[in-house]
Each structure stands twice: as C-alpha cells, then as structure tokens.
Amino acid sequence: MNVNQAERSEMNALASATMHAPVEIARDLGLHLVFDQGVMMELATSADVLALNRIVGIGVEAPASRDQLARLIDIARQRGTKRLFVQVVPSRSPDELEAWIENGGGRKYNRWVRLWRNVSDPPEVRTDLDVRKISGAHALRSGEIVAESFNMPMELSPWFASIVGKPGWTHFGAYDGDKLVSCAAIYLNDPTAWLGFAATLADYRGHGAQGALIRKRIEYARANGCDSVVVETAEQTPDHSAPSYRNMLRFGFTEAYCRQNYMVTL
C-alpha cells in the first residue's frame, strides 16, 4: 500500500465530511479545514476530541518545514482548539520533524495503525442481523451510535448524521428487525476506498455485525471500481486491547504502517 495514496484517501474523506456539514452545525461545532502544501488540518474547536482536531499528511507528499508546523499549530490555537493531534508516518520527511514537534510542546500520545486489503475474496461472515443501507430516517441514530461508542459528546451526532447520503458516501447498518444496532461508512476514492464511522451498540457486540459490515463495504468498493480499501484503528499493545485491530486482521487486512500521534496542548 502506497503511503501517499492511503493518507490522501483519508484526507479526502475527512475533508468531505467537514465540507458537507450544514452551516449551523459547522458554526456550532467550530468546524474548520486548513490545507497547506499537501497537508490537511481538521478542527472541531468546540469538541475537545483529538480524533477531530488533527494534522494529517505532514511530511508525506512534500517535505515539512519548521515554519509550516508552527503555522498550523498557531492557526489551531487562534481558532480555540484545546488539544491537537499531529500524526506522523514512518516515511515522513525530513527526519527532524518529530524533534520539531517535541520542541514545540508536543508529546507522544499513542499510535494508530493503518491497515489495508484488496477487494477480492471478501471474508465469509455469519450474523443474525440484517445488513442494508442506512436511510435518512436512521441517519441521526447512526450518528448517535458512533458518538456513544467512541465516548464522544452527543452534540456531534447531527454532524455524523449529516454525512449520510452525501456524494461519495454510503452508510450501511446492521438491524435487529427495525432497530439499528451497528453502522459503518465507506467513502469512495478511486482506486482506494476509505472505511470509517464504524460502531456497534454494546449489547449487540459479538453478533457479527462489524464483520458483516466489512464484507458489505468491500463488495461495494469492488462494485464501484475500487481495487483496495484502507482503515485505521488503535494499536494493539500489551497494555491496550484493540478488538477492532484484531477484527481487521481476521478479515484479511494487512498492517501497512503505524502513525505516531503527538498531542499538542494549546
């Protein structure tokens, strides 16, 4: 998996999710996008959620500079961001990038794993739930499930829900009858599709929902001309169990690289 391709796939998905937010939601959440020489910074300044306030792609498509890093951090500070993630990939350039981050007050926080697989031979999965596209009637509930599952403020739910049905996006859900119990999204990037916003209600874990949703999205990516899918999860370590990471390996994904997350307190 090409690092540039994988990072660009995620940046495109995040940018789309932000740009399609209704004006009122964007205002209330303090949503901002900043593009700077191949780097993207996503901000949701009213939510102190690191996953929603981060710099992606720095030092990937073009060498980073100390001035570029300082400029982005300063913009985040001026917009009112409390904490910021700076995500660094192993092949970043130049070698001094991590030292610049640390000298600027950043500290190592955790690592996210980038995984990928091709779209051939989707995994066989059994579930007692019905998997189908999420309609507008269940969009808000899908946003609530994502916020609840990731311990995010429920005020973010309308934003997550607003992405359902937008260009490039398809959301699938696992249903127990008419009850939505699990959800997951795919964003199409030619030739790579990005998988995200995957979450399951606690009472329905272990029912095969996420496996079925992975299979469904792989099939959907293949049907729409993509040759691979990418996703990111928390890193599995002796001190931190990461069920999502284990699931991805079980369903045929391969670890491509780890991103070191630095947290900068502003």
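Residues numbered from 1 in each chain as written. Predicted model: local features only at pLDDT ≥ 70, side-chain atom pairs only at ≥ 80, totals over all residues. Heavy atoms only, no water.

Caption draft 1: The arrangement of the pairing of strand 11 (residues 254–265) in detail. Bridging between strand 4 (residues 83–88) and strand 11 involves 6 bridges; their strand directions are antiparallel. Residue Val88 lies in a different strand from strand 11, and its bridge partner there is Gln260. (Pairing = 2+ DSSP bridges. Helix = DSSP H or I, 4+ residues; strand = E, 2+ residues; numbered from the N terminus.)

Caption draft 2: Inspection of the sheet that holds strand 2 (residues 39–44) at higher detail. Here 11 strands make up an open sheet; going across it, the order is 1-2-3-4-11-5-10-9-8-7-6 and the pairing mixed. If you trace the sheet from one side to the other, it starts and ends with strand 1 (31–36) and strand 6 (130–133), each paired once. Direction aside, the axes of adjacent strands within the sheet are offset by 25° on average. Each of strand 1, strand 2, strand 3 (54–56), strand 4 and strand 11 touches helix 3 (residues 66–79); the most contacted strand, strand 2, lies at about 15° to it. (Axes fitted to C-alpha atoms, helices over the stretch in contact; angles between N-to-C directions. Contact = heavy atoms within 4.5 Å.)

Caption draft 3: Highlighting the packing of aromatic side chains. Evaluation of the coordinates by the stated rule reveals 9 aromatic pairs. Between Phe172 and Tyr220, the ring centres sit 5.5 Å apart and the planes meet at 75°, which makes this aromatic pair edge-to-face. Linking Phe172 in strand 7 (residues 169–176) with Tyr220 in helix 7 (residues 209–223), this pair joins segments that are 48 residues apart in sequence. Of the two residues, Phe172 and Tyr220, both sit in the buried class. Here the aromatic residues Trp159, Phe160, Trp169, Tyr187, Trp194 and Phe197 are joined through ring pairs into a cluster of three or more. Here the basic side chain of Arg132 rests over the ring of Tyr175, its NZ or CZ set 3.7 Å away from the ring centre. (Phe/Tyr/Trp six-rings, centres within 6.5 Å; stacked < 30°, edge-to-face > 60°. Buried < 20%, exposed > 50% of the residue type's maximum accessible area, 1.4 Å probe, protein only. Lys NZ or Arg CZ within 6 Å of the ring centre and 35° of its normal.)

Caption draft 4: The nonpolar core, seen in detail. Ranked by internal contacts, the top residues of the largest apolar core, which has 50 residues, are Leu52, Leu156, Trp159, Phe160, Val229 and Phe253. Take this core: its biggest share by element is 7 residues, from helix 7. In contact with Trp159, other than residues within four places in its own chain, are Ala17, Thr18, Ala21, Ile25, Leu29, Leu31, Glu42, Ala44 and Leu52. Grouped together as the second largest cluster of nonpolar side chains are 19 residues, Ile73, Ala76, Leu84 and Tyr262 included. (Core = buried A, V, L, I, M, F, W, Y, C linked by side-chain atoms within 4.5 Å.)

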